[in-house]
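# Tertiary structure, described
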Amino acid sequence: MRFSVGSVFRAMSATVQARPRGLVYEKHGEPAQVLQLKDISLSELGASGVHVRMLAAPINPSDINMIQGLYAVLPDLPAVGGNEGVGRVEKTGIGVTSLKPGDLVIPADAGLGTWQTEAVFKEEKLLKMPPDIPLVSAATLSVNPCTAFRMLSDFETLKPGDSVIQNAANSGVGQAVIQIAAAKGIKTINVVRDRPNLQELVDRLKSLGADHVITEEALRKPEAKDLFQKIPKPLLALNGVGGKSATELLRHLQHKGTMVTYGGMSKQPVTIPVSALIFKDVKLRGFWMTQWKRDNAQNKEELDRMIADLCTLIRKGQLSAPACQEVPLADYQSALTAAMTPYISAKQILLL
Ligand SMILES: NC(=O)c1ccc[n+]([C@@H]2O[C@H](COP(=O)([O-])OP(=O)(O)OC[C@H]3O[C@@H](n4cnc5c(N)ncnc54)[C@H](OP(=O)(O)O)[C@@H]3O)[C@@H](O)[C@H]2O)c1
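These notes cover the structure that comes with them.

Conventions used here
- Residues numbered from 1 in each chain as written.
- Predicted model: local features only at pLDDT ≥ 70, side-chain atom pairs only at ≥ 80, totals over all residues.
- Heavy atoms only, no water.
- Pairing = 2+ DSSP bridges.
- Helix = DSSP H or I, 4+ residues; strand = E, 2+ residues; numbered from the N terminus.
- Salt bridge = Lys/Arg side-chain N within 4 Å of Asp/Glu carboxyl O.
- Buried < 20%, exposed > 50% of the residue type's maximum accessible area, 1.4 Å probe, protein only.
- Polar contact = N/O pair within 3.5 Å; in protein donor to acceptor, adjacent residues only side chain to side chain.
- Contact = heavy atoms within 4.5 Å.
- Near = heavy atom within 4 Å.
- Areas by Shrake-Rupley, 256 points an atom, 1.4 Å probe, with all protein chains shown as cover.
- Nonpolar A, V, L, I, M, F, W, Y, C, P; charged D, E, K, R; others polar.
- Domains from an automatic or database assignment.

## Some words on the sheet that holds strand β1 (residues 21–25)
The three strands are arranged β2-β1-β4 in an open sheet whose pairing can be described as antiparallel. With partners counted over all chains shown, the strands left at the sheet margins are β2 (35–39) and β4 (79–80), one partner each. Strand direction decides the pairing type here: β1 and β2, joined by five bridges, are antiparallel. Bridge pairing in β2 places R21 opposite D39.

This is the structure we're talking about:
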């Protein structure tokens, strides 16, 4: 059964509310060691503050990297973990115009610290969400689907029938790429790591709309070329892994195509064969959602339009939340362990 954010909140409100608590770290290090579940005190509401009761928040790789101190932006310490999630507005400062009590909100920027039961955020750091979006979809909307949406829109002009190749295809980003591309009639070639239950994963990605799912090993074989007798060579490659996996994507990219690197899960550098540059004149680009949001912070029209488009896809059943496991906040240690375990294929969602 799927719950909308509104129904979950009504059920939670019926229980007695405890003191505000959060997953706090005072120094950088391994999350399991440095995070502590603690009582926290809320900031003053002030004129522009919004008191939010958090409902659910995922654990993403960038959250882990931030706690480890290995991310491009780091909060002042002590800090609360988490960059994404959904909450409900309890109270607003007198100067707040865009939100009111009862509204559902998601972060408009990174670094808010979403792994807490309640918090006071600045109005401009929040985006209002429609109330009919399922809880987990709302909690996981502001990072991965937005990244997938932008990468499919901003680098190449893709038309129905064109193709895109991506690695880490079972990641949160990858699942969103498959679904958004399918909704636009764009074919996807989805590269995953081999595993004992590969067929299960292939079936799951195909049920989301993946046209082809292939392992990194199979993509290296000469027979992989046969794929492109059925669909055009990709104009766009999306790289969330780096290392040899990225080199393989480049090998199949169309002449003058673009590879966008957005993640480095293998922690290996991207090596570019000179032939890809000389004979194919490929373009190499990078993308960071946080920077895009900051670049568009003054004029939120584009951001609002993207969120509205993604919500429309969710309502039409064309964009579902990533495969996930919902975990009570008190069990955060097991959620952290699962989030850092390879081949798990399930996003950990903290219920706050
Ligand atoms: N640039 C941006 O704006 C932006 C935005 C969102 C996400 N990201 C980045 O995108 C990446 C994916 O994020 P996510 O939230 O979608 O991830 P996720 O749902 O947690 O999934 C992690 C993915 O990484 C794969 N993986 C893990 N270790 C790997 C390795 N050593 N080699 C190859 N693949 C490996 C996993 O595959 P298995 O199932 O095989 O383990 C899985 O597909 C992360 O690096 C994240 O920081 C960047």
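## Regarding the pattern of salt bridges
Counted under the stated rule, the structure contains 16 salt bridges. The salt bridge partner of D39 is R19, with a shortest N-O separation of 3.2 Å. In this pair, D39 is assigned in strand β2 and R19 in the loop between α1 (5–13) and β1, connecting sequence segments 20 residues apart. Overall, the relative accessible area of 46% leaves D39 in the partly exposed class. Across the pair D162 and K159 runs a salt bridge, and its minimum N-O distance is 3.3 Å. Judged by relative accessible area, which is 51%, K159 ranks as exposed. One continuous salt-bridge network, built from bridges that share partners, spans R150, D154, E302 and R305.

## A closer look at the side chain of D103
The topology assignment puts D103 in the loop between β5 (86–92) and β6 (104–107). Among the polar contacts listed, one links the side chain of D103 to the backbone nitrogen of K100, at a separation of 2.8 Å. Once you skip the residues sitting within four places of it in the chain, D103 turns out to touch G87, R88, V89, S98 and K128.

## Examining the pairing of strand β7 (residues 118–122)
Taking burial as the measure, the five residues of β7 include four buried ones, the bulk of the element. Of the pairings in the sheet, the one linking strand β3 (residues 49–59) to β7 comprises five bridges and is antiparallel in character. Residue pairing across strands places G49 opposite K122, the latter belonging to β7.

## Here we look at the environment of V80
Mapped onto the elements, V80 comes out in strand β4. Along the primary structure V80 and V120 are separated by 40 residues, whereas in three dimensions their C-alpha atoms are 12 Å apart. Leave out the neighbours within four places in its chain, and V80 touches L23, V24, Y25, G113, W115 and Q116.

## Observations concerning the site of the ligand
Contacts to the ligand come from 25 residues, most closely from N170, G172, R195, M289 and K347. Between the ligand and Y343 there is a distance of 2.8 Å, counted from an oxygen atom to a backbone nitrogen or oxygen. The side chain of K347 places a nitrogen or oxygen atom 2.7 Å from an oxygen atom of the ligand. Here the ligand loses 85% of its free accessible area of 930 Å² to cover by the protein chains. Secondary structure elements with two or more residues in the shell around the ligand: α5 (144–154) and α6 (172–183). Here the shell around the ligand is composed, by residue class, of 12 nonpolar, 10 polar and three charged. Taken domain by domain, the shell around the ligand gets at least three of its residues from each of domain 1 (5–140 + 321–351) and domain 2 (146–289).

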